[in-house]
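Structural description and commentary
These are the residues of each chain, in order.
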Protein chains: 6
Amino acid sequence: MEWGSTRVICGVTVEELVPRWMKEQGVSGGWITAEYAMLPYSTLQRKARDSTRGRIDGRSQEIQRLIGRAMRAAVNLEKLGTRTVWVDCDVLQADGGTRTAAITGAYVAFQLAVRRMMAEGKLGESPLLHAVAAVSVGIVGGQAVLDLCYAEDAAATVDLNLVMNAAGEFIELQGSGEEATFSERQLAEMLGLGKAGIAELLRVQREALAGG
Amino acid sequence: MEWGSTRVICGVTVEELVPRWMKEQGVSGGWITAEYAMLPYSTLQRKARDSTRGRIDGRSQEIQRLIGRAMRAAVNLEKLGTRTVWVDCDVLQADGGTRTAAITGAYVAFQLAVRRMMAEGKLGESPLLHAVAAVSVGIVGGQAVLDLCYAEDAAATVDLNLVMNAAGEFIELQGSGEEATFSERQLAEMLGLGKAGIAELLRVQREALAGG
Amino acid sequence: MEWGSTRVICGVTVEELVPRWMKEQGVSGGWITAEYAMLPYSTLQRKARDSTRGRIDGRSQEIQRLIGRAMRAAVNLEKLGTRTVWVDCDVLQADGGTRTAAITGAYVAFQLAVRRMMAEGKLGESPLLHAVAAVSVGIVGGQAVLDLCYAEDAAATVDLNLVMNAAGEFIELQGSGEEATFSERQLAEMLGLGKAGIAELLRVQREALAGG
Amino acid sequence: MEWGSTRVICGVTVEELVPRWMKEQGVSGGWITAEYAMLPYSTLQRKARDSTRGRIDGRSQEIQRLIGRAMRAAVNLEKLGTRTVWVDCDVLQADGGTRTAAITGAYVAFQLAVRRMMAEGKLGESPLLHAVAAVSVGIVGGQAVLDLCYAEDAAATVDLNLVMNAAGEFIELQGSGEEATFSERQLAEMLGLGKAGIAELLRVQREALAGG
Amino acid sequence: MEWGSTRVICGVTVEELVPRWMKEQGVSGGWITAEYAMLPYSTLQRKARDSTRGRIDGRSQEIQRLIGRAMRAAVNLEKLGTRTVWVDCDVLQADGGTRTAAITGAYVAFQLAVRRMMAEGKLGESPLLHAVAAVSVGIVGGQAVLDLCYAEDAAATVDLNLVMNAAGEFIELQGSGEEATFSERQLAEMLGLGKAGIAELLRVQREALAGG
Amino acid sequence: MEWGSTRVICGVTVEELVPRWMKEQGVSGGWITAEYAMLPYSTLQRKARDSTRGRIDGRSQEIQRLIGRAMRAAVNLEKLGTRTVWVDCDVLQADGGTRTAAITGAYVAFQLAVRRMMAEGKLGESPLLHAVAAVSVGIVGGQAVLDLCYAEDAAATVDLNLVMNAAGEFIELQGSGEEATFSERQLAEMLGLGKAGIAELLRVQREALAGG
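An account of the accompanying structure is given in this report.

**Overview of the overall build of chain A**
Looking only at helices and strands, chain A has 7 helices and 8 strands in total. Compactness check: chain A gives a C-alpha radius of gyration of 18 Å against a globular reference of 17 Å for 212 residues, within 12% of the reference. In chain A, once contacts between residues fewer than 6 apart in sequence are set aside, the share between residues at least 24 apart is 72%. For chain A, the centre of its 22 positive side-chain charges and the centre of its 26 negative side-chain charges are spaced 5 Å apart.

**What about the packing of helix α5 (residues 98-119) of chain E against helix α7 (residues 184-211) of chain E?**
Residues and elements named next belong to chain E. Look at α5 against α7: their axes get within 10 Å of each other, and the N-to-C directions meet at 35°. In this structure, the crossing between α5 and α7 has a hand that is right-handed. For the pair formed by α5 and α7, the contact residues are Thr-104, Tyr-107, Val-108, Gln-111, Leu-112 and Arg-115 on the first element and Leu-201, Gln-205 and Leu-209 on the second.

**Details of the pairing of strand β7 (residues 158-165) of chain C**
Residue and element names in this part refer to chain C. Among the 8 residues that make up β7, 7 are buried, leaving the element largely enclosed by the rest of the structure. Sheet topology places strand β5 (residues 132-140) next to β7; 8 bridges connect them, and they run antiparallel. Bridging across to β7, Ala-133 finds its partner in Met-164. The sheet contact formed by β7 and strand β8 (residues 170-176) spans 6 bridges and is antiparallel. If you follow Leu-160 over to β8, its bridge partner there is Gly-175. The loop that links β7 with its antiparallel partner β8 comprises 4 residues; one of these, Gly-168, has a positive phi angle of about 80°.

**Topic: the relation of the copies chain A and chain B**
Applying a rotation about an axis and a shift along it to one chain copy brings it onto the other copy. Aligned on chain B, chain A shows an RMSD of 0.0 Å; the corresponding rotation is 180° and the shift along the axis is 0.0 Å. Here the copies are linked by what is in effect a two-fold axis. Distance from the rotation axis, computed per C-alpha, reaches its smallest value in chain A at Gln174(A): 2.3 Å. Interface residue correspondence from chain A to chain B reaches 100%, placing this contact among same-surface, isologous pairings.

**Re the arrangement of the chains**
With respect to C-alpha atoms, chain D approaches chain E no nearer than 10 Å, and the pair has no contact. These two, chain B and chain F, are apart from each other, with no contact and a minimum C-alpha gap of 11 Å.

**Observations regarding the sheet that holds strand β6 (residues 143-146) of chain D**
Spatial ordering of the open sheet is given by β6(C)-β5(C)-β7(C)-β8(C)-β8(D)-β7(D)-β5(D)-β6(D), a layout of 8 strands whose pairing is antiparallel. Each edge of the sheet is formed by a strand with only one pairing partner; in this case those strands are β6 (143-146) of chain C together with β6 of chain D. Strand after strand, the sheet turns through a mean of 20° between neighbouring axes, direction not considered. As judged from the 5 bridges shared by β8(C) and strand β8 (residues 170-176) of chain D, these two strands associate in the antiparallel manner. Directly across from Gly175(C), in β8(D), lies its bridge partner Leu173(D). Sheet contacts for helix α4 (residues 98-119) of chain C: β5, β7 and β8 of chain C; angle to β5(C), the most-contacted strand, approximately 165°. Packing against the sheet, helix α7 (residues 184-211) of chain D makes contact with β8 of chain C together with β5 (132-140), β6, β7 (158-165) and β8 of chain D, and its axis sits at approximately 145° to β5(D).

**Focus: the interface of chain F and chain E**
Each side of the interface is counted separately: chain F has 32 residues, and chain E has 32 residues. Summing both sides of the interface, chain F and chain E together bury roughly 2800 Å²; the carbon and sulfur share of this comes to 48%. A per-residue breakdown of the area chain F buries against chain E is headed by Glu62(F), Phe170(F) and Leu173(F), which together make up 21% of the total. Between chain F and chain E we count 4 salt bridges in total. The salt bridge involving Lys195(E) is made with Glu184(F); its shortest N-O contact spans 2.5 Å. Counting every contact that joins chain F to chain E gives 18 residue pairs in polar contact (both at pLDDT 80 or more).

**Section: the sheet that holds strand β8 (residues 170-176) of chain F**
Strand order across the open sheet formed by 8 strands is β6(E)-β5(E)-β7(E)-β8(E)-β8(F)-β7(F)-β5(F)-β6(F), with antiparallel pairing between neighbours. Either end of the sheet is taken by a strand with one partner, and the two such strands are β6 (143-146) of chain E together with β6 (143-146) of chain F. Taking each pair of neighbouring strands and ignoring which way they run, the sheet shows an average axis angle of 20°. Relative to β6(E), strand β5 (residues 132-140) of chain E runs antiparallel, the two being bridged by 4 bridges. Directly across from Val137(E), in β6(E), lies its bridge partner Leu146(E). Each of β5, β6, β7 (158-165) and β8 (170-176) of chain E together with β8 of chain F touches α7(E); the most contacted strand, β5(E), lies at about 145° to it. Together, β5 (132-140), β7 (158-165) and β8 of chain F form the strand contacts of helix α4 (residues 98-119) of chain F, whose direction differs from that of β5(F) by roughly 165°.

**Description of the side chain of Gln174(E)**
Topologically, Gln174(E) is positioned in strand β8. Apart from residues lying up to four places away in sequence, Gln174(E) is in contact with Leu66(E), Arg69(E), Arg99(E), Asp159(E), Leu160(E), Asn161(E) and Leu173(F).

**Topic: the interface of chain A and chain B**
Each side of the interface is counted separately: chain A has 32 residues, and chain B has 32 residues. Both sides together, the interface formed by chain A and chain B hides about 2800 Å², and carbon and sulfur atoms give 47% of it. Of all residues in chain A, the largest losses of buried area upon contact with chain B belong to Glu62(A), Phe170(A) and Leu173(A), amounting jointly to 20% of the total for that side. Where chain A packs against chain B, one counts 4 salt bridges. For Glu62(B), the salt bridge identified is with Arg65(A), shortest N-O distance 2.6 Å. In this assembly, chain A and chain B are joined by 18 residue pairs in polar contact (both at pLDDT 80 or more). Ranked by the residues each element gives to the side of chain A that touches chain B, the list is headed by helix α3 (residues 58-73) of chain A, at 8 residues. By residue class, the composition of the side of chain A that touches chain B is 11 nonpolar, 9 polar and 12 charged.

Here is what the cut-offs are and how they apply
Residues numbered from 1 in each chain as written. Chains lettered and ligands numbered in written order. Predicted model: local features only at pLDDT ≥ 70, side-chain atom pairs only at ≥ 80, totals over all residues. Heavy atoms only, no water. Helix = DSSP H or I, 4+ residues; strand = E, 2+ residues; numbered from the N terminus. Rg over C-alpha atoms; globule rule 2.2 N^0.38 Å. Contact = heavy atoms within 4.5 Å. Lys, Arg positive; Asp, Glu negative; His and termini not counted. Charge placed at Lys NZ, Arg CZ, Asp CG, Glu CD. Axes fitted to C-alpha atoms, helices over the stretch in contact; angles between N-to-C directions. Left-handed = near helix turned anticlockwise from the far one by under 90°. Buried < 20%, exposed > 50% of the residue type's maximum accessible area, 1.4 Å probe, protein only. Pairing = 2+ DSSP bridges. Least-squares fit on C-alpha atoms with pLDDT ≥ 70 in both. Buried area = accessible area lost by both parts, 1.4 Å probe. Salt bridge = Lys/Arg side-chain N within 4 Å of Asp/Glu carboxyl O. Polar contact = N/O pair within 3.5 Å; in protein donor to acceptor, adjacent residues only side chain to side chain. Nonpolar A, V, L, I, M, F, W, Y, C, P; charged D, E, K, R; others polar.

This is the structure:
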């Protein structure tokens, strides 16, 4: 997934088994787990690997949990069958909006994986519900701005991540003023910009999948 | 902080030094760090301690980062002086809404700590900006519901956490449909209910602090 | 459990399964495991959480092993049935004697848990043998002193923890002179004081359980 | 140190610096730290290494803390100078009483290290106070027994570890009835046996050091 | 670096400081550290991340130490200046020979980084000594074979990794018969094939750098 | 195993079960796992324990993987039966060549373990193929030198470890020029010296086993 100078690898792998807690709790169907990492050369100053530090940092955990929820909301887990789908998002180059780029690209990769499973006869019908895309909106200098690149991101006082589907429904809405706040009017402006951005991304996804 | 059957200990401790990154980056003023944990007997089925498992689980990390951001948005860090304030939230009993109870209680504990620092002459003026409170709203059976207890929480398809201040501004807005979605109309309903809840909580905080 | 300015939460949780090693070694009956932690605001200077440091410190491990042994000596494990009882002791405020307060309070919590299991028909008869209590005695300025509070504790050259049961038998006896020693006469004095303290605590436990 | 079939390597290493906490708290003099481990082939069934499991088990921590306290009680830390002495005890073969064998052997190794430091002019006078030795006593079949080997140890209902010095003073006294108890009369019997054992060990230490 | 179906990202990052041990030991010049990881989707069966498992596996450690040694042998560390160069090799797709592909690609990335540092005036002259490349040779069905792809690799009884420079000197030679052995004649055959392969790779590197 | 001033304990323990991956992949026969550690007093400057640092260092991992491969190449794993043999090598004193001393000693310990298993009727025939020994050769001052002690080792520019069996076959060949290189002629010289050293060691092993 390329998005301005942001580049994220989105990989989907299928395992023919489900997590232990599903078996223990008797939950049927499948599961989707996401993992997110920034490669050490993705930032201007080298980012130490989580494996070297011995644990995943809080921000990465938060993002991979978000990607997982977004993908699970796009899929009928019952129809996925007794399997786990791993969604891996690795950031090659980070210039703002890596989490929303990851979600938008992950949906495309998920689609391609579903097509292959159907071609191989592993799935009779697609478990996908609606296409899912995500954008990031912010307030920079009092103005709502779509698709924050890193320079804007660092200047933004407020950051809103929006995950929506092709039916116009919200999946996630995360607005946060790091040492700042936002008003109801600003929220409305950001939601308006965000929905327009989502619509555009859903169109780009369709084209990519049509050509794929 | 008691909230229905939810009970959270909110403790504030002051250290007269700042994190290393602030010194390295030459950032002046103070810092606020939050930690959140569920005590093992807080849930019906015993929750294993993070210390025994050797690492903090993803959900707790997410919550403690949220509490930290909320508190930092309530405070002028420059006026806090060169010190770190630790906000510790330990859940004694969990019946839904532990993260919003933690934030609402933490603000009161923070106030009390500021008063003591002023009484001890460590602070000349209060660094607090506006009071901060948080509520949780959800959609249960298609209806927006305020203040989810655990039974409702488990039944809820959508969960929205709202952190606002006494000036009516948003600090955090986190809406998430775990394997579900929500419409724009439902978002508006949840925001309406949430704002009313926040107003009520700010009133309760004022009373508690007046009596304290 | 409140004990001077020392306050410890003692929680008992029952799990209807036993540790793997019991199954592997074919040991019948139940098991009791204790965990002990100091909450970060329990000391004058904030104590970093074990979960943040990634491992349990040596002192906490030593204490939780002691609590576990004391509780197992109070119970007929065979009669407990195929279950694990977790005893959690979390220190809210530490002013000396936290380990002995934890044991004394844990026995009361254990009793209450046994009563509930009997009321629920999970246990036909009580697996409890004798009540168990613990005290701390020390040598301060050459004098044996019962129930050390923190100020005395820091001044003490010798510290003796005594766990006994209502039949007047010893369960644990841990005397240690941190960079100091003690004579046989001092040992006898400490044991005498300790036994009197135990007798008093067993009386308080009985009253608490009678009123409970 | 050989003791029946128990064999423990006791190594002493001197580092010309002190732990950070001593510098931070302005404590003068030196420090002694002990580490204890069972080598994987020391037991009949291979014992997994702590390094492979990623952390030190609770029992080893307890023992190495005990060895450290015993050595520090044998030494005037002020006279040791600004240095850290590491006492490493590695169990080659375990047949009961490894912790008491470790302490008894560690004292001899410490003496030898002091002699060398004096010969090298690093120490003007010996910082050693009194010789220290340790024994283990137990109750087997109702009888107090000295120097438990593994077969007796497993059969023992009560285990008492005794650390004393050449002045007849107690340094540590740890009596524990794992799922059992002991009476005051049994305590007296164990103390009597233990003191006789200590006297004998102090004699053996003197001979070893005279011949060394 | 693409090599048959093997694809490895080789990234070089420069930090203007050296590891602490160099400062402590008074070693002048710079340092080169390598890190190697397989991305989870690089293998047919998904490979769990080291960060999730909490530690780097033995094979990855071995490989990243090898890459580091190979790069350090290609560079005059004194001329590198007081800086650390990080060489990151992440395997996108693994089809045999990932460690030799990583070394061969890393040299090219290192060259490019040196060129940029010279262009930016950070380096007056190049610290590079000779170009370095690596190949993997094996014995499959009794025959020496160059450039093992995964299918051959799994069938190979012996695997020899060869790192050489443009002056025809050996830097590393690692021959290993996993549950097998090799004769002196087979060693000679493998060395012959390997040297030819190295020559070819050095030519490809030169072309890539000429075009770059 | 004593080797100049280098002393390594080689212990072999047999477990009557195999690693999980063998069961999962349906691999029959047995397995051999090696672990290597340097005891803290084995070096002039005390070496911190891996267990205290919480993980095994890269060098130790590399060496224990090498020992494991060498032992597996000496044994017909099929004939070993469904069991795991643990080979533990602990360095008591390190004066160069600890890894090759460990391998050479481990073979003797393995032989003795096989003899006992045959005497106890657990093995009908020996699973050993050929005796295995290892030496270390280096280039010091331009000269190939056998059996590097620590003083030479630190001066060596190139270090070659050679593992061979009694049939004159190579098992491992690891040549490495830490910040240096070696020519083909030097490789030949080192191989010549190494083979002579191996022959001598195999003779010493035979004598030890004849006398054992």
